[in-house]
There are 2 protein chains.
Amino acid sequence: MLLHSVGMKVVYLQNHKLALRFDQALPAIGHDEVLLKVKLAGICGTDLALINGYANFNGVPGHEFVAEVVEIGAGIDGGLTGRRVVAEINQWCGECDQCAQKHYTHCLSRRVIGIRDHQGCFAEQIIVKASTLHVIPDSLDDRQAIFIEPLAAAFRIVEQLHAHDYHDVMLIGAGRLGQLIARVMVLQKKTLTVVVRHSQQCKLLQGLPLNCIDESAVEARTVDVTIDATGQQSGLTLALHALRSQGICVMKSSYPSPFVVDLTRLVIDEIKLLGSRCGPFSIAIKALEDGSIETESLIDATFVIDDYQAAFALADQKGSMKVLIKPC
Amino acid sequence: MLLHSVGMKVVYLQNHKLALRFDQALPAIGHDEVLLKVKLAGICGTDLALINGYANFNGVPGHEFVAEVVEIGAGIDGGLTGRRVVAEINQWCGECDQCAQKHYTHCLSRRVIGIRDHQGCFAEQIIVKASTLHVIPDSLDDRQAIFIEPLAAAFRIVEQLHAHDYHDVMLIGAGRLGQLIARVMVLQKKTLTVVVRHSQQCKLLQGLPLNCIDESAVEARTVDVTIDATGQQSGLTLALHALRSQGICVMKSSYPSPFVVDLTRLVIDEIKLLGSRCGPFSIAIKALEDGSIETESLIDATFVIDDYQAAFALADQKGSMKVLIKPC
């Protein structure tokens, strides 16, 4: 009898509280779906935000994971069974206007793993669409592959900017996402300054061709591109402050709530404010494979799923980077 | 004896009130400056905003004008004397980092005619930098040339957008600036929808290949580019509402005060919010010259400077388009 027919162990979020459940049942898989056994899952800032009410999500959170294909739908190539995979966080329909233009991450009826209408990966098993899978090359171990999703989000910034449009970049925030963005941006061979909050954040960037500074050292109108990876109003304010006229401010994190913005500065200085979300998995995989992105130093600890409380507590600590959960 | 040495007639703004003054003296012109006699001036939305406190400006407002060169500085080519000209609203230094990159409208120490540290054009005479002048072709009359500055601002949008990035455009607002933007955007051969408030705004757009709709007919996520020319929070909200994911929202007007914006929508839908200000005078002149932009229908009335009160009262009326003042 298959595990998913008798229920499984999951971390479940309800009314801002996480709890371990053992009774979670999965439906039968559809013809275009696969059943995955989750080998390793990562805690992301968004998961912490979900607990605080972001996206009004109740269910199994988690969207960064490495898994093995256990069972495939009727319409799927048998070669997938047993392969080690990652899945795109956006589970697209393949039929809407956005999908028709291959803007899959903007699918109009997408479900989002562990965030919107889709069970997440803090679970023994998960069902996803086969079309959203990427097979992990053998040369990448699970601890590297766990970074594919957030690293893809970091590479999205490069996709959105035109390389010839800027020279100086300032990244605000060097937390779990900021660390990856910093690693991606040094590959672009621009002058990079990273605004850090803790010496540990700076230490993790040692050896990279960038300049770490404190918030108080940020000067007005000095860079072409700023990236706010803080998800806080103060981060965006700093990012706008540091921008030259005609500069681009990339908003890489969601903000917990709407806030007041002085849009007149944006008009007068013709500033571009650019939202950035999910990115190209294939480019992230390649960068991990060819060794241009190092991630091992970002892993704080790995917990078995039963110790989810300790895992989330560590992830929520100041200066914490990547905390992993092993569901099986 | 030159007029500017004995004072002249101006409309003066002080503490949110306009008054006619006859005692305004101009300094001697610098070697790179010219003295102009103002033939015709236009009232812009910004002038009305200045009265309400925008930019904390006290002095002579006004920046849309047609003038004649009366006197030239020692360093200026004599051929300019007697020519009919317009001047760029931004009086740039020519020496800062922005000027070095030919981003003159973003000069770091720019003075702005009638808005910042520079006397405006609701005056018999004005001194400007010769380098900021454009000679008006003989084929354009003063009533057309008065539109060069705001039309340039409208063309700025085209400069900032990449033509291949969009197909559908929605313009919110068909007031004095919106009318010009509509005329510019139809030249780009995109599908254009204009959200109007009054039937008169729609009437002025008759014959152009565009679709006029009421605010209530705006559907969510239907266009690639929106342009907010209302300068109001409600306009920006509508502009964001109508935008597809990965769309571009151009903010063409300053907003009277900062307000709350839901930036999470911008992040999730990867929307670009783009400030837009001053534009290319030469392109505006060419478009007026070749007849591709019609403006005569936008002129409501012309007042002599002594009737400035009636002129501003008319300009401030709902549905009012371009009100002109004749200083000399």
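See above for the structure.
For the structure given in this document, a descriptive report is provided here. (Residues numbered from 1 in each chain as written. Chains lettered and ligands numbered in written order. Predicted model: local features only at pLDDT ≥ 70, side-chain atom pairs only at ≥ 80, totals over all residues. Heavy atoms only, no water.)

**Topic: the overall build of chain A**
How we decide: The way it works is that DSSP assigns letters per residue, a run of H or I at least four long becomes a helix, a run of E at least two long becomes a strand, and they are numbered from the N terminus. Exposure is judged per residue with a 1.4 Å probe applied to protein chains only, and the accessible area is read against the type maximum: over 50% gives exposed, under 20% gives buried, and values in between give partly exposed. Working rule for contacts: check all heavy atoms of both residues, and any pair within 4.5 Å makes them a contact. Using the Shrake-Rupley algorithm and a 1.4 Å probe, accessible areas are obtained, with residue cover drawn only from the displayed protein chains. Just so you know, the count uses Lys and Arg for positive and Asp and Glu for negative, and it drops His and the chain ends. For charged residues, the charge sits on one atom: NZ in Lys, CZ in Arg, CG in Asp, CD in Glu.
Each helix and strand counted, chain A has ten helices and 18 strands in total. Principal-axis analysis of the C-alpha atoms places the extent of chain A at approximately 65 × 45 × 40 Å. For chain A, the residues scored as buried account for 58% of the 328 residues in total. Sequence separation of at least 24 residues holds for 66% of the intrachain contacts in chain A that already meet a minimum separation of 6. For chain A, the accessible area works out to roughly 13300 Å², and carbon and sulfur atoms hold 49% of it. Side chains of chain A give 30 positive and 36 negative charges; the mean places of these two sets differ by 1 Å.

**A word on empty space enclosed by the protein**
To keep things clear, this is the line we draw: Only protein atoms enter the 1 Å grid used here. Points where a 1.4 Å probe fits but cannot escape make up a cavity, open sets with protein on both sides within 12 Å along at least five of seven lines make up a pocket, and a residue lines them when an atom lies within 4 Å of a point. Grid points are joined across faces, edges and corners, and a volume is the space filled by probe spheres set on the points. Ten residue types, Ala, Val, Leu, Ile, Met, Phe, Trp, Tyr, Cys and Pro, are classed as nonpolar, four, Asp, Glu, Lys and Arg, as charged, and the remainder, Gly among them, as polar.
Inspection of every chain in the model, using the stated rule, returns two cavities of 30 Å³ or more. Put simply, the largest cavity is a space of about 40 Å³. Along its surface, the largest cavity is lined by A:His63, A:Glu64, A:Phe65, A:Val86, A:Ala87, A:Ala145, A:Ile146, A:Ile148, A:Glu149 and A:Phe281. Mapped by element, the contributors of at least two residues to the lining of the largest cavity are β4 (64–72), β5 (84–87) and α4 (148–160) of chain A. Taken together, the residues that form the lining of the largest cavity break down as seven nonpolar, one polar and two charged. Empty space within the second largest cavity amounts to approximately 40 Å³. Taken together, B:His63, B:Glu64, B:Phe65, B:Val86, B:Ala87, B:Ala145, B:Ile146, B:Ile148, B:Glu149 and B:Phe281 make up the full set of residues lining the second largest cavity. Those elements that place two or more of their residues in the lining of the second largest cavity are β4 (64–72), β5 (84–87) and α5 (148–160) of chain B. Its residues assigned to classes, the lining of the second largest cavity comprises seven nonpolar, one polar and two charged.

**Focus on the side chain of A:Thr226**
Residues and elements named next belong to chain A. Mapped onto the secondary structure, Thr226 falls in strand β13 (residues 223–228). Using a relative accessible area of 0% as the deciding quantity, one classes Thr226 as buried. Each residue touching Thr226, except ones within four places of it in the same chain, is listed here: Met170, Ala239, Ala242, Leu243, Ile248, Cys249 and Val250.

**Some thoughts on the interface of chain A and chain B**
The condition that has to hold: Here the quantity called buried area is the total loss of accessible area, with a 1.4 Å probe, experienced by two parts when brought into contact, counted for both. The rule for a salt bridge is simple: a side-chain nitrogen of Lys or Arg has to be within 4 Å of a carboxyl oxygen of Asp or Glu. Between N or O atoms, a polar contact is any pair within 3.5 Å; within protein, one atom must be a potential hydrogen donor and the other a potential acceptor, and residues adjacent in sequence are included only when both atoms are from side chains. Pairing between two strands is assigned when DSSP locates at least 2 bridges connecting them.
If you look at the interface, chain A gives 35 residues, while chain B gives 35 residues. By the criterion of area lost to chain B, the three top residues of chain A are A:Leu263, A:Val267 and A:Glu270, representing 20% of everything that side buries. Inspection of the chain A/chain B interface yields two salt bridges. At the boundary of chain A with chain B, the tally comes to 21 residue pairs in polar contact (both at pLDDT 80 or more). Elements represented by at least two residues in the side of chain A that touches chain B include exactly α4, β14 (243–251), β15 (259–261), α8 (263–268) and β16 (272–275) of chain A. For the side of chain A that touches chain B, the leading source of residues is α8(A), giving five residues. Residues belonging to the side of chain A that touches chain B are distributed by class as follows: 16 nonpolar, eleven polar and eight charged. Relative to strand β16 (residues 272–275) of chain B, β16(A) runs antiparallel, the two sharing three bridges. Note that in β16(B) the partner of A:Leu274 across the bridge is B:Lys272.

**Structural notes on the sheet that holds strand β13 (residues 223–228) of chain B**
Heads up, the condition is: Comment: axis = line fitted to C-alpha atoms, over the contacting stretch for helices; angle = value between 0 and 180 degrees taken between N-to-C directions.
A sheet is described by the order of its strands in space; here twelve strands give the open sequence β12(A)-β11(A)-β10(A)-β13(A)-β14(A)-β16(A)-β16(B)-β14(B)-β13(B)-β10(B)-β11(B)-β12(B), paired in mixed fashion. Each edge of the sheet is formed by a strand with only one pairing partner; in this case those strands are β12 (211–214) of chain A together with β12 (211–214) of chain B. The average angle at which neighbouring strand axes cross in this sheet is 20 degrees, direction not considered. Across four bridges, strand β10 (residues 168–172) of chain B lies against β13(B) in parallel orientation. Paired with B:Leu171 across the bridge in β13(B) is B:Ile227. Where helix α7 (residues 233–241) of chain A meets the sheet, it contacts β10 (168–172), β11 (191–196), β13, β14 and β16 of chain A, and its direction lies at approximately 150 degrees from that of β14(A).

**Regarding the relation of the copies chain A and chain B**
One chain copy maps onto the other through a rotation about an axis and a shift parallel to that axis. Put simply, the rule reads: Alignment of the copies relies on least squares applied to C-alpha atoms, considering only residues that score at least 70 for pLDDT in both.
For the pair chain A and chain B, the superposition axis carries a translation of 0.0 Å, the fit reaches an RMSD of 0.0 Å, and the rotation angle comes to 180 degrees. Seen this way, the second copy is the image of the first under a two-fold rotation axis. Among all residues of chain A, the one whose C-alpha sits closest to the rotation axis is A:Val260, at a distance of 2.0 Å. Same-surface contact between copies: 100% of interface residues of chain A are shared with the interface of chain B.

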